[in-house]
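# Commentary on secondary and tertiary structure
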Amino acid sequence: MKANAVNLIEKEWILPGNRTCPGCALSLAYRHTLKALEGQCIVTVPASCATVLHGMYPITAVNVPCVNTPFASTGASATGLVAGLKALGRKGITVLAFAGDGGTHDIGIQSLSGAAERQYDFMYICYDNEGYMNTGNQRSGSTPLGAVSGTTPVLGKQQYQKDMTAIMEAHGLPYVATCSASYPLDLYEKVKKAKTIEGTRFIHIHTPCPPGWIFPFSDTIKFGEMAVETGLVVLYEIEDGIFRLTSASESLARKGGTLQPVREYFKSQGRFKTITEEQIDELQQWVNARWKQCLNRATNL
Amino acid sequence: MHILDGNQAAAIAAKMSRVQVIAAYPITPQTPLTEQLSQYVEEGQLKAEYVAVESEHSAMAVCTSASIVGARTFTATSSHGLAYMHEMLHWAAGARLPIVLACVNRAIGAPWNVLNDQQDSISQRDTGWIQIYCRNNQEILDTVIQAYRIAESVYVPVMVCYDGYILSHTEMPVDIPEQVDVDRYLPPYQPHTTLDPANPKNYNLVTLANPRVGVDGKLCHGYMELRYLLQEALQNSRETILQAGKEFNDIFGRDYASMFWEERNEDAEITIVAMGSLASEAIVAADMLREEGIKVGVLGLRVFRPFPKQDVVQALRKSRLIVVFDKNISYGSEGATCSEIKSALYGTYINAAIRNFIVGLGGRDVKARELAEATKKAISSLKETVTNPDYPEWICQI
Amino acid sequence: MGTRDCNHICDESSPGIGEAGRTGEWRTHLPVIDDKRCTASKLNKPTCFLCWLYCPEAVVTRSIPPTIDLEYCKGCGICAEVCPVQAITMIPEEKNLG
């Protein structure tokens, strides 16, 4: 039976009174990730907003075992956990790497790629708030075109986002998926499915960030939904090479596939204050082309 | 008795220590060690997880996480590889993990050089690792085994250093102990960390500058107190190192209950200080000088961290001249060993002159007669001044 | 009295509520649930519970009616935004104003 708000496991593994910002999508995403794993996991977390969520010594706000690790090393740290558990004959525990876009797309890409190439049996989840948000929003490889940040303060980012999920797909992994914090049930189902699959599994979660993207913190869910409705974020999974659209992206495709124009998404977030008309047009074309590709690839329409 | 090179000796020791997780990245001149270990694992001789990591930084990250889970871990590297994992070396020590690392000493660039000197491990002396240097391949094998005994008692990682090529690729007679004796000497690792969903703990979260009350109402450490504990552990590890060395002798018949090797020093007024294979060469030099009537002794430093200040003071109490040969230099200052010796002697009654020579960088061969010549030069320099020069002399061809 | 009594040799943290203190104090607005509009309350059966599903802080209980732990609710207002029948209103925190 598919999960819904009524039958979803009630137990919580995130404890109230933690340090995340009000309206933090990462917190919501992590909450449901841990529900899907029922807390039977050992998590490794690099320097990131998640570190702050986990708290400050000697108190943690998370009720699962966790190993903090330096920024570049998440994939390797997860590997170490798997290797150690295997050497000690301990089974039945999911090793979960939970990293931001900085620790995944940029400084952490090498250790993630190495771990994936070695096909170690762990789940890697990247929560993507499109910038180094923990340190006040500096641009990352995942910051979108045109977004202002601490290190792109005047001109906005001049490059497109790095498509990390495509990079991970190229490693031949048994399962890669994209999710959004605004669609927690889809996230829950994907993590639950990924839990049963052996090998390196990669899940990318779009997590809107109120202070970083500059919007009211009550609108977190709204912007996540808008991203999917405009096609800027496509919800899909690739299981053993088979591509399927899911959740709102699947419904959108089934209803005729018309995307909302991207303009409003950019105009309503303070970080896009310097985005140009040319960039918006460019992005609209890019989104349309990418959506078409997804529609062609989808095997479940 | 077997004929082994240094890398083989280290590999055998890791195997006999029943390491459970190995993560290593090949780098000259460590590579044959890494290859030998993967051979043992693939043949089934060693039941361990061998992780073919994609970089040295990842090697140490794999080791730290595997160690926190509770596995006995091993890695090895040299030079740039050690430098690449610098951040993780700090992490492993601060996390109090009993990882053992074999550092096959090699020069560091720029410019490129694959041959021996000790700049790599010396550059890491501030990270909080115990550092022990080996004079020969027997010591390599024996020290790796002792390293686990020490590391797992004090929860501080241990770096076993040996000279690249001079030891790593040179064969010499080595006695291989019996596995049953190694098992007697090394009990299984008892981790101080728990990773269990039934009793969740978080390791190495952000700390505050000040102490903070924990969930049980007890005042817990601030960053500074946690770091104090690491220093305290290193200071106190001297006892454990000596004890491990004594018990090694009890089981295997080779005595390691010492922080350094003292040779010919009983009646010496001049002492040569050297580390690694150079300490063996220094004994030959001392003998050469004794043939000329100069009473020279050798202090072959074994444990560099923690630096054995009181032991050194005791050994050098009769010296009027100490000649320190360093295969490293702290640029802008002097050789690291020389600084440590000076620091140990400061404020004591010992009024010796100290002369520092930088030798052997980038694999430059160091002959015993060069050490002897340098010592004689140091002796003559006493006629000009007894004060310590600001900067070391170099034995090279500039 | 020093910190040695905690018996930690490394940075080992244990789970605890309120790690960041009483995060309820961060609020400028607090959520109020109107039981007469809330679908679960009106029908007196488990249904909807979107406020519980979407709360990033896990301070909403999945009960009839849902309740909010005001000790720790940060007042983000997501629950008010996602409620399909607008049963939750964000009202200004008296004591946090001026």
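Residues numbered from 1 in each chain as written. Chains lettered and ligands numbered in written order. Predicted model: local features only at pLDDT ≥ 70, side-chain atom pairs only at ≥ 80, totals over all residues.

## Points about the overall build of chain A
From N to C terminus, chain A includes 12 helices and 10 strands. Relative to a compact globule of 301 residues, whose C-alpha radius of gyration would be 19 Å, chain A shows 18 Å and is just as compact. Taken over the C-alpha atoms alone, chain A extends approximately 60 × 40 × 40 Å along its principal axes. Counting all 301 residues of chain A, 60% fall into the buried class. (Helix = DSSP H or I, 4+ residues; strand = E, 2+ residues; numbered from the N terminus. Rg over C-alpha atoms; globule rule 2.2 N^0.38 Å. Buried ≥ 20, exposed ≤ 12 C-beta atoms within 10 Å, placed from the backbone.)

## Concerning the environment of Gly131(A)
Residues and elements named next belong to chain A. Assignment of secondary structure puts Gly131 in the loop between strand S6 (123-128) and helix H6 (164-169). The spatial distance from the C-alpha of Gly131 to the C-alpha of Ser142 is 6.5 Å, given a sequence separation of 11 residues. Residue contacts for Gly131: discarding those within four places in its chain leaves Asn137, Gln138, Arg139, Ser140, Thr143, Ser149 and Gly212. (Contact = placed C-beta atoms within 7 Å.)

## Topic: the interface of chain B and chain C
With 21 residues of chain B at the contact, the number on the chain C side is 12 residues. Taken together, the elements giving at least two residues each to the side of chain B that touches chain C come down to strand S9 (202-203), strand S11 (219-220) and helix H9 (223-252) of chain B. The element contributing the most residues to the side of chain B that touches chain C is H9(B), with three residues. For the side of chain B that touches chain C, the class distribution of residues is 11 nonpolar, six polar and four charged. The pairing of S9(B) with strand S1 (residues 12-15) of chain C spans two bridges and is classified as antiparallel. The residue of S1(C) that forms the bridge with Tyr203(B) is Glu12(C). (Nonpolar A, V, L, I, M, F, W, Y, C, P; charged D, E, K, R; others polar. Pairing = 2+ DSSP bridges.)

## Thoughts on the interface of chain B and chain A
With 40 residues of chain B in contact, the opposing surface of chain A contributes 40 residues. Mapped by element, the contributors of at least two residues to the side of chain B that touches chain A are strand S3 (49-51), helix H3 (56-69), helix H5 (86-94) and S9 of chain B. Take the side of chain B that touches chain A: its biggest share by element is 10 residues, from H3(B). Of the residues in the side of chain B that touches chain A, the class split is 23 nonpolar, 11 polar and six charged.

## Regarding the confidence of the model for chain C
The share of residues in chain C with pLDDT of 70 or more is 96%, and the mean pLDDT across the chain is 94. Across the predicted assembly, pTM comes out at 0.97 and ipTM at 0.96. (pLDDT = per-residue confidence, 0-100.)

## Some points on the packing of H3(B) against H5(B)
For any two helices packed against each other, the geometry is given by the interaxial angle and the distance between the axes. All names here are of chain B. For the pair H3 and H5, the least separation of the axes is 8 Å and the interaxial angle reads 15°. The orientation of H3 with respect to H5, classified from their angle, is roughly parallel. In this structure, H3 crosses over H5, and the sense of that crossing is left-handed. Where H3 approaches H5, its residues His57, Met60, Ala61, Cys63 and Thr64 are matched on the opposing element by Glu87, Met88, Leu89, Trp91 and Ala92. A per-class count over the contact of H3 with H5 returns seven nonpolar, two polar and one charged. (Axes fitted to C-alpha atoms, helices over the stretch in contact; angles between N-to-C directions. Parallel < 35°, antiparallel > 145°, perpendicular 65-115°, else oblique. Left-handed = near helix turned anticlockwise from the far one by under 90°.)

## Some thoughts on the sheet that holds strand S18 (residues 393-394) of chain B
All names here are of chain B. Pairing is mixed across the open sheet formed by six strands, whose spatial order is S12-S14-S13-S16-S17-S18. Single-partner strands in this sheet number two, and they are strand S12 (260-263) and S18. Here four bridges tie strand S13 (residues 270-275) to strand S16 (residues 321-326), and the two strands are oriented parallel to one another. When the bridges of S16 are listed, Thr271 appears paired with Ile322. Running at roughly 175° to strand S14 (residues 296-301), helix H10 (residues 277-291) makes contact with S12, S13, S14 and S16 of the sheet.

## Points about unusual backbone geometry
Looking along the chain, the bond that leaves Ala110(B) and enters Pro111(B) is cis, with omega of -5°. For Pro111(B), the position within the fold is in the loop between strand S5 (100-105) and helix H6 (119-122). Of note, Gln119(A) is a non-glycine position whose phi angle comes to about 60°, a positive value. Among the secondary structure elements, Gln119(A) is positioned in the loop between helix H5 (109-117) and S6.

## Structural notes on helix H2 (residues 31-43) of chain B
All names here are of chain B. With 13 residues, H2 ought to run about 18 Å at 1.5 Å a step, and its terminal C-alpha atoms sit 18 Å apart, in line with that. Turning to H2, its buried residues number three or more, namely Leu33, Thr34, Leu37 and Tyr40. Buried residues along H2 cover an arc of 120° about the axis, so they all sit on one side. Facing away from the buried side of H2 by over 90 degrees, the exposed positions are Glu42 and Glu43. (Expected span 1.5 Å × (residues − 1). Arc of directions from axis to C-beta.)

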